There are 2 protein chains.
Amino acid sequence: MPLTKTHRLLLTLTLTTLIHAQSPKPLPPLILSTQGSFFVGGHDIHSDALSTLPRYVPDGTITVDQMYVHYQIPATKLHRLPITFIHGCCLTGKTWETTPDGRMGWDEYFLRRGFPVYIVDQADRGRSSLDPSAINAVKSGKLPTMQLPDLFFVGHEAAWQVFRFGPDYPQLFPGLQFPIEAQTEFWKQMVPDWSPSLPNPNPTIADLSELAIRLNGTILISHSQSGIFPFQTAAIYTKGIAGIIAIEPGSCPDPKADMKPFLHIPILVLFGDNVETSPRWGPRLKACQAFIKFATSSGVKATLVQLPDVGIHGNSHMLMQDKNNLQVADWLIHWIDHNILPR
Amino acid sequence: MPLTKTHRLLLTLTLTTLIHAQSPKPLPPLILSTQGSFFVGGHDIHSDALSTLPRYVPDGTITVDQMYVHYQIPATKLHRLPITFIHGCCLTGKTWETTPDGRMGWDEYFLRRGFPVYIVDQADRGRSSLDPSAINAVKSGKLPTMQLPDLFFVGHEAAWQVFRFGPDYPQLFPGLQFPIEAQTEFWKQMVPDWSPSLPNPNPTIADLSELAIRLNGTILISHSQSGIFPFQTAAIYTKGIAGIIAIEPGSCPDPKADMKPFLHIPILVLFGDNVETSPRWGPRLKACQAFIKFATSSGVKATLVQLPDVGIHGNSHMLMQDKNNLQVADWLIHWIDHNILPR
């Protein structure tokens, strides 16, 4: 049977689509005015338990609780405010970089959209140091074993529910946007978490304040465990905090908390899909809704959005790595442009 | 007293110098074709000691011993081989970024000179995960305290000699190039080091091999503790290793070792200043000289250079952060261009 003109056109269109899908058009070069890294916060302590090995001196001064910050500034000047990305539990700043399946992360995408981008490793995680003295002191018999830090790690099986890949390991939610075929690469991002043994408040909170003041205006984008950090930072000192975006926060401020620090800071709390039915995330969503309700009634410009309500479906807890991560980023940038004043 | 013409000229020159020092000419934009991050290596283990806290499941699978890799590729195609930078003891990939006093690190400088740049965090350090099970098992009484890992930290006072800022804390070597006025920022780079408790060989060595194969040709630039890693990587498998530059290695291969793996890999061992008289570094220099002597007599293209012998003085152990770090980089790039074949 000879092909009709319509058939030929359809075939051409299909082949073109296939070729585009298989060899995506190379992106234009990424043009930066500058990039670099530095630390904020940190203080010196003396320890007599820096080592249990004879070849290293146990006594000495070390610096702890500082926070590693990596930044990139785009060459195009769009007067956009710097974004500070803060990762969650058991993860590091890697969260915001290349996705497990090798697509562009939010670090580069926000840059390409004209935002200066700052990415931190929480204090006592990743490239931010921590104090190992308690472990060495227990090993050398100076402290009882109960003084050991709580250094928890979330296994793949338990993480499955936490990250909402599905209702139970290894089931998947229908229409899940997380690139589950690349889960092996995702598991490599996970690290042990010392946060239960850190000083209270977590040193990252004061470090974020120092960073915000230094940047003289930044939008703090937190995630999960760090979700509440920007609120806690604002409660210390609001200077430099131009906006708060809490992505799937583990907790929100208590509705009975003082709302004064938030009066001049636009706030967005953002959740993905399959939240309400999640035994872990459903109650957290409810608590955040209660906070938002009280905050807005107190005059705070605060919003809570569940992505399905704006027509974006299937997002996991790791929505910055989901297959539609750039669509979610576009939605966020639109929100920023309409709710947070530029420089 | 009126100023003479010479006085006025001197004043003008001095002011010009001051202005230049205070407002350096802005650099041209940094133009990248791509950037991103990924992991190499790693394997799954089962643990029943992931947590001692009731709110986290102690049983589960975690992935450990993988190595975090961040990369940037310049837009200019100069057919230069990718550089892989590997940090040393008690530090992370931060080593190669912005210097403690805020100048450009080798990460950006090598990029600007046309090299694709890969920076790793050694396995079990920084953004590369580690297994905390032993700590939790001791805390919950399943293991004796002697099974705790050796998690050493080098205090500022002991590090002073290790990094060769001076003969003894807090004395300085005359003409020291390290930006000692920014030492506070440098101390913030230091992290605890688990290496004594890691599997032997250190997992980073196999991870580097996987990376070299994946890059299909890279120059491994190691430092201090990691100094010997590229040699150990080559001893497993030479594929992908286009050159080895060991900067102030803590050790060199045994002169009695098999030299076959090194026969087709150009090798440079580089030391800074004040090495011979250092109780720690003098013997290491001697051992490396013995290796180079035996390697060259076996037909290996290997060189050891002490920077003062090529007219560059005052360099500390952290020469990638010294005030003349770009001069040292220029010297290195010249060596690479004359000793390692491009793609």
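Here's a quick rundown of the structure. Keep in mind it's a predicted model, so treat the numbers as computed, not measured.

**Examining the overall build of chain A**
Here is step 1 of the chain: Counting its regular elements, chain A contains 9 helices and 10 strands.
Here is step 2 of the chain: Against the compact-globule benchmark of 20 Å for 343 residues, chain A has a radius of gyration of 23 Å, which places it among compact chains.
Here is step 3 of the chain: The buried share among the 343 residues of chain A stands at 58%.
Here is step 4 of the chain: Partitioning the intrachain contacts of chain A with sequence separation of at least 6 by distance along the chain shows that 74% fall at a separation of at least 24.

**Side note on the nonpolar core**
Here is step 1 of the chain: Of all hydrophobic cores here, the largest spans 112 residues; its most connected members are W106(A), F110(A), W106(B) and F110(B).
Here is step 2 of the chain: Setting aside residues up to four positions removed in sequence, F110(B) forms contacts with I83(B), F85(B), F115(B), V117(B), A329(B), L332(B), I333(B) and I336(B).
Here is step 3 of the chain: Ranked by size, the runner-up nonpolar core spans 39 residues in total, among them I205(B), I244(B), A246(B) and V300(B).

**Some details on helix 7 (residues 229–236) of chain B**
Here is step 1 of the chain: Those residues of helix 7 of chain B lying buried are F229(B), P230(B), F231(B), T233(B) and A234(B).
Here is step 2 of the chain: In this structure, the buried side of helix 7 of chain B is in contact with strand 5 (83–86), helix 6 (203–215), strand 7 (218–223), strand 8 (241–247), strand 9 (267–271) and helix 8 (281–297) of chain B.

**Describing a nonpolar patch on the surface**
Here is step 1 of the chain: On the surface, a nonpolar cluster with roughly 270 Å² of combined accessible area is contributed by I213(A), I236(A) and Y237(A).
Here is step 2 of the chain: By the element assignment, Y237(A) lies in the loop between helix 7 (229–236) and strand 8 (241–247).

**Overview of the environment of D150(A)**
Here is step 1 of the chain: Position of D150(A) among the secondary structure elements: in the loop between helix 3 (133–139) and helix 4 (156–162).
Here is step 2 of the chain: Given the relative accessible area of 13%, D150(A) is considered buried.
Here is step 3 of the chain: When the C-alpha atoms of D150(A) and L198(A) are compared, they prove to be 9.2 Å apart, with 48 residues separating the residues in sequence.
Here is step 4 of the chain: Those residues in contact with D150(A) that sit more than four places away from it in its chain are D193(A), W194(A), P196(A), S197(A), T52(B), L53(B) and K139(B).

**As for the interface of chain A and chain B**
Here is step 1 of the chain: Contacts between the two partners involve 69 residues from chain A and, on the opposite side, 69 residues from chain B.
Here is step 2 of the chain: Interface of chain A and chain B: buried area, both sides summed, is about 5800 Å²; carbon and sulfur atoms make up 53% of it.
Here is step 3 of the chain: A per-residue breakdown of the area chain A buries against chain B is headed by R127(A), F153(A) and K188(A), which together make up 14% of the total.
Here is step 4 of the chain: Connecting chain A to chain B are 6 salt bridges.
Here is step 5 of the chain: We note a salt bridge from E97(A) to R127(B), for which the minimum N-O separation is 3.2 Å.
Here is step 6 of the chain: At the junction of chain A with chain B, the criterion picks out 40 residue pairs in polar contact (both at pLDDT 80 or more).
Here is step 7 of the chain: Only strand 1 (30–40), strand 3 (60–64), strand 4 (67–74), helix 2 (106–112), strand 6 (117–121), helix 3, helix 4 and helix 5 (183–187) of chain A provide two or more residues apiece to the side of chain A that touches chain B.
Here is step 8 of the chain: If one sorts the elements of the side of chain A that touches chain B by residue count, strand 1 of chain A sits on top with 9 residues.

**Description of the packing of helix 6 (residues 203–215) of chain A against helix 7 of chain A**
All names here are of chain A.
Here is step 1 of the chain: Taken N-terminus to C-terminus, the directions of helix 6 and helix 7 make an angle of 65°; their axes are 9 Å apart at the nearest point. For the crossing formed where helix 6 meets helix 7, the hand is right-handed. Together, T204, I205, A206, L208 and S209 of helix 6 and F229, Q232, T233 and I236 of helix 7 make up the contact between the two elements.
Here is step 2 of the chain: For the contact of helix 6 with helix 7, the per-class residue count stands at 5 nonpolar, 4 polar and no charged.

Basis of the calculations
Residues numbered from 1 in each chain as written. Chains lettered and ligands numbered in written order. Predicted model: local features only at pLDDT ≥ 70, side-chain atom pairs only at ≥ 80, totals over all residues. Heavy atoms only, no water. Helix = DSSP H or I, 4+ residues; strand = E, 2+ residues; numbered from the N terminus. Rg over C-alpha atoms; globule rule 2.2 N^0.38 Å. Buried < 20%, exposed > 50% of the residue type's maximum accessible area, 1.4 Å probe, protein only. Contact = heavy atoms within 4.5 Å. Core = buried A, V, L, I, M, F, W, Y, C linked by side-chain atoms within 4.5 Å. Patch = residues over 30% accessible without salt bridge, like charges linked within 9 Å, V, L, I, M, F, W, Y side chains within 5 Å. Areas by Shrake-Rupley, 256 points an atom, 1.4 Å probe, with all protein chains shown as cover. Salt bridge = Lys/Arg side-chain N within 4 Å of Asp/Glu carboxyl O. Buried area = accessible area lost by both parts, 1.4 Å probe. Polar contact = N/O pair within 3.5 Å; in protein donor to acceptor, adjacent residues only side chain to side chain. Axes fitted to C-alpha atoms, helices over the stretch in contact; angles between N-to-C directions. Left-handed = near helix turned anticlockwise from the far one by under 90°. Nonpolar A, V, L, I, M, F, W, Y, C, P; charged D, E, K, R; others polar.

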